[in-house]
Amino acid sequence: MRQGWRWFGPDAPVTLDDVRQTGATNIVSALHQVPIGRAWTEGEVRQRQALIETTPAGRSPLTWSVVESIPIPDAVKRTGGKAKAEIAAWIASLEAVAACGIKIICYNFMPVVDWTRTELDFVTPTGATAMRFDHERFAAFDLFVLNRPGVENDYSEADRARAKAVHDSMTEAEMAEITRIITSALPGSTTEPMTVPGFREKLAAYDCVDAKHLRQNLIEFLKAVTPAAEALDVKLTLHPDDPPRPLFGLPRIASTADDYAALFDAVPSAANGMCFCTGSLGVRADNDLPGIARRFASRIHFAHLRATTREGDGRSFHESAHLDGDVDMVAVLKELVAEDRRRSPQHTIVFRSDHGHRMLDDLEKTVTPGYPAIGRLRGLAELRGILHALDARPN
Ligand code: DNO
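Predicted model only: the values in this text are computed from it and were never measured. (Residues numbered from 1 in each chain as written. Predicted model: local features only at pLDDT ≥ 70, side-chain atom pairs only at ≥ 80, totals over all residues. Heavy atoms only, no water.)

Looking only at helices and strands, one finds 14 helices and twelve strands in the protein. Over its C-alpha atoms the protein spans a radius of gyration of 20 Å, differing by no more than 12% from the 21 Å that the globule rule assigns to 395 residues. Along the first, second and third principal axes, the C-alpha set of the protein runs to 60 × 50 × 40 Å. Each of the 395 residues in the protein was classed as buried or not, and the buried ones make up 59%. (Helix = DSSP H or I, 4+ residues; strand = E, 2+ residues; numbered from the N terminus. Rg over C-alpha atoms; globule rule 2.2 N^0.38 Å. Buried < 20%, exposed > 50% of the residue type's maximum accessible area, 1.4 Å probe, protein only.)

Rendered as C-alpha cells:
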C-alpha cells in the first residue's frame, strides 16, 4: 500500500517538507482554488504537480498520486445526465489530471453539504481535541435555526423535545458557532459555504430529488464519465457519505454496502471504484467494515483510515484516535493488504491517515480543522505499525 498525506496546497499550515518528515510519499491534493464546475486545465495541474514533485536537493521525493476531489456541481446531482455542460467540464478536469499521470480521483455525491460536524474542538480525556457530531445540537440547528419546510417530519416527538431543550440551554454565541461550522463547508468540502437563507434555497432546489432519483443521477454521471476514465486508466473513487445517513431531509446514497453494490451493478466499468473511508462508514453500527473491504476489494483504490466512536444515543459520534474507535482496523488492513498483494505496483491502494486529534503543539497553532499535522502523524505511525506486523511494508 502507498502511504498518502492530504496536502491542502501552498498556503496550508502543513508544508511539503513537513509531509516528508512524516514518511508519507504520496500526496493527495486538489486545485481547491478553482471554482466548482470550472474545468481544470492541464497547465494548472502541471503547475501544482511541479510544486509537489520538484524535490529540493537532499530531500526525499513526493508523488502526487490522488486527486481529492474534483467536485461535482449541484446540477449533476439534481439532474444527472441532463447536466451536459457540467459533465463535459468534469471530464475535461479528469483528462487534465490523467495527462499529468495522476490516476486516482476521489469524488462524492453528497448534495448541498459535504462532511458535517457540530464541534471542532471537543476535549477528549487526554486533553487532545477531536471533531464531534452531536445529534441533539444538530437537530436544534435544523429545527430552530434553519427551520426548513417540513423539518418536523424528520424528527420524532422525543427528538424534537430534546432538541428544544438543548436549543433553549445554548447561548446565542454557541448556536452561532454551530451554524458557522455547519454552513462554512469544512476543509476539503466539495460544496460551497452558505448563509442560512442560501442554505434554504439550495435545499428547495432538491425538493423533488429522492434517493432513487439521486442514485439514478449518479448512475447517469458514471455512465458518462467512466468511458473516459477507463481509456486513461484512471480510477474514480466514490467517497462515502459522512455521516452515512440522510441529513436535512436530503437523500444520501453512498452510506452502505448495498448502496455501493447498486452502483457497481449498474456501471460495472473497472473505473467505477470506491474510496474506502472507515471513519465515514464506521458511524453506522450495521456497516461491517472488514466485510465491505472484502466484498469490494477490487474496487478500492484509495482508503481513508480513521476511527469514530458512536455515542450512547446511537446517532452522535466523535473522532477517536486511529486505533481506538469502533472499527477493527487490523481486520480492515488485513483485507486491504490481501487485495494489494494481488495488484501490480502501479495499481496498489493509496491510503492516508484521515483526520487526527489536535494535540501537543497543534493546540496552540493555526490548524486546518480535522487535519493537524501531529494527530495525523500519530495515526499514520500506528497504521504503519499494523502494516509492518502484517509484513506489508508500506511504500
Ligand atoms: C473530509 C473528507 C471530505 C472528502 C470529500 C471527498 O475530511 O473526507 O472532504 O474529501 O467529501 O470527495
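Now that the structure has been shown, we can carry on.
This paragraph deals with the site of the ligand. The environment of the ligand is formed by 16 residues, the closest being Glu68, Ser69, Asn108, His355 and Tyr371. Note that an oxygen atom of the ligand is positioned 3.4 Å from one of the side-chain N or O atoms of tryptophan 115. Contact distances for the ligand include 3.1 Å between an oxygen atom and a side-chain N or O atom of histidine 239. When its residues are assigned to classes, the shell around the ligand shows six nonpolar, seven polar and three charged. Looking at which domains feed residues into the shell around the ligand, each of domain 1 (2–116 + 209–389) and domain 2 (131–201) gives three or more. (Near = heavy atom within 4 Å. Polar contact = N/O pair within 3.5 Å; in protein donor to acceptor, adjacent residues only side chain to side chain. Nonpolar A, V, L, I, M, F, W, Y, C, P; charged D, E, K, R; others polar. Domains from an automatic or database assignment.)

Here we come to the pattern of salt bridges. Applying the stated criterion across every chain, the model contains 32 salt bridges. The residue aspartate 17 makes a salt bridge to arginine 20 at a minimum N-O spacing of 3.0 Å. Pair noted here: aspartate 17 and arginine 20 are both in helix 1 (residues 16–22), with a separation of three residues, about one helical turn. By relative accessible area, which is 29% here, aspartate 17 ends up partly exposed. Linking aspartate 259 and arginine 215 is a salt bridge whose minimum nitrogen-to-oxygen distance equals 3.0 Å. Here arginine 215 lies in helix 9 (residues 211–231) and aspartate 259 lies in helix 10 (residues 257–266), a separation of 44 residues in the sequence. Relative accessible area serves as the criterion here: at 10%, aspartate 259 is assigned to the buried category. A residue is classified by how much of its surface remains accessible, and arginine 215, at 23% relative accessible area, is partly exposed. Through salt bridges with shared partners, a single network forms among Arg6, Glu68, Arg117, Asp242, Arg306, Glu319, Arg352 and Asp354. (Salt bridge = Lys/Arg side-chain N within 4 Å of Asp/Glu carboxyl O.)

For threonine 22, the position within the fold is in helix 1. Classification of threonine 22 as buried rests on a relative accessible area of 7%. Beyond its immediate sequence surroundings of up to four residues, threonine 22 is in contact with Trp5, Leu377, Leu380 and Arg384. (Contact = heavy atoms within 4.5 Å.)

Once that is clear, we can look at the domain arrangement of the protein. Under the domain assignment, the protein is made up of domain 1 (2–116 + 209–389) and domain 2 (131–201). Counting residues at the interface gives 30 residues for domain 1, matched by 21 residues for domain 2. Ranking the residues of domain 1 by area buried against domain 2 places Val112, Trp115 and Phe248 at the top, with a combined share of 29%. (Buried area = accessible area lost by both parts, 1.4 Å probe.)

Turning to the packing of helix 5 (residues 135–146) against helix 8 (residues 196–205), a few remarks are in order. Two elements in contact, helix 5 and helix 8, have axes whose closest approach is 11 Å; the angle formed by their N-to-C orientations is 100°. The angle between helix 5 and helix 8 falls in the class roughly perpendicular. Contacts between helix 5 and helix 8 pair Phe141, Val145 and Leu146 from the former with Val196, Phe199, Arg200 and Leu203 from the latter. Looking at side-chain class alone, the contact of helix 5 with helix 8 contains six nonpolar, no polar and one charged residues. (Axes fitted to C-alpha atoms, helices over the stretch in contact; angles between N-to-C directions. Parallel < 35°, antiparallel > 145°, perpendicular 65-115°, else oblique.)

Read across the open sheet, the four strands follow the order 5-6-11-10; overall the sheet is antiparallel. A single partner strand is all that each edge strand has here, and the edge strands are strand 5 (119–123) and strand 10 (307–310). Across the sheet, the mean angle from the axis of one strand to that of its neighbour is 40°, orientation sign disregarded. Across two bridges, strand 6 (residues 129–133) lies against strand 11 (residues 317–320) in antiparallel orientation. What sits directly across from arginine 132, in strand 11, is histidine 318. (Pairing = 2+ DSSP bridges.)

With that settled, the discussion passes to the pairing of strand 8 (residues 272–277). The buried fraction of strand 8 amounts to six of the six residues, a majority that puts the element mostly inside the structure. Here strand 8 shows two buried faces, one formed by Asn272, Met274 and Phe276 and the other by Gly273, Cys275 and Cys277. Each parallel crossover has a hand, and the one from strand 7 (residues 235–238) via helix 10 to strand 8 is right-handed. As judged from the four bridges shared by strand 8 and strand 9 (residues 300–305), these two strands associate in the parallel manner. Considered in strand 9, the bridge of cysteine 277 is made with histidine 304. (Right-handed = clockwise from strand over helix to strand, strands pointing away.)

A few words on the packing of aromatic side chains. Counted by the stated rule, this structure contains 14 aromatic pairs. Residues phenylalanine 141 and phenylalanine 248 carry aromatic rings whose centres are separated by 6.1 Å and whose planes lie at 80° to one another, so their mutual orientation is edge-to-face. In this pair, phenylalanine 141 is assigned in helix 5 and phenylalanine 248 in the loop between strand 7 and helix 10, connecting sequence segments 107 residues apart. Assessed through its relative accessible area of 4%, phenylalanine 248 is described here as buried. Here the aromatic rings of phenylalanine 199 and phenylalanine 248 are separated by 4.9 Å at their centres, their planes lie at 70°, and the arrangement is edge-to-face. With phenylalanine 199 in helix 8 and phenylalanine 248 in the loop between strand 7 and helix 10, this pair connects stretches of sequence that are 49 residues apart. (Phe/Tyr/Trp six-rings, centres within 6.5 Å; stacked < 30°, edge-to-face > 60°.)

Moving on to the nonpolar core. Within the largest apolar cluster, 107 residues are counted, with the highest numbers of intra-cluster contacts made by Trp90, Phe199, Phe221, Phe248, Leu333 and Leu336. Looking at this core, the element that brings in the most residues is helix 9, giving eight residues. Of the domains in this structure, domain 1 (2–116 + 209–389) and domain 2 (131–201) are the two that each give at least three residues to this core. Setting aside its immediate chain neighbours within four residues, phenylalanine 248 contacts Val113, Phe138, Phe141, Asp142, Leu146, Arg148, Asp154, Ile182, Phe199 and Leu203. Of all hydrophobic cores here, the second largest spans eight residues; its members include Ala12, Leu120, Ile181 and Tyr371. (Core = buried A, V, L, I, M, F, W, Y, C linked by side-chain atoms within 4.5 Å.)

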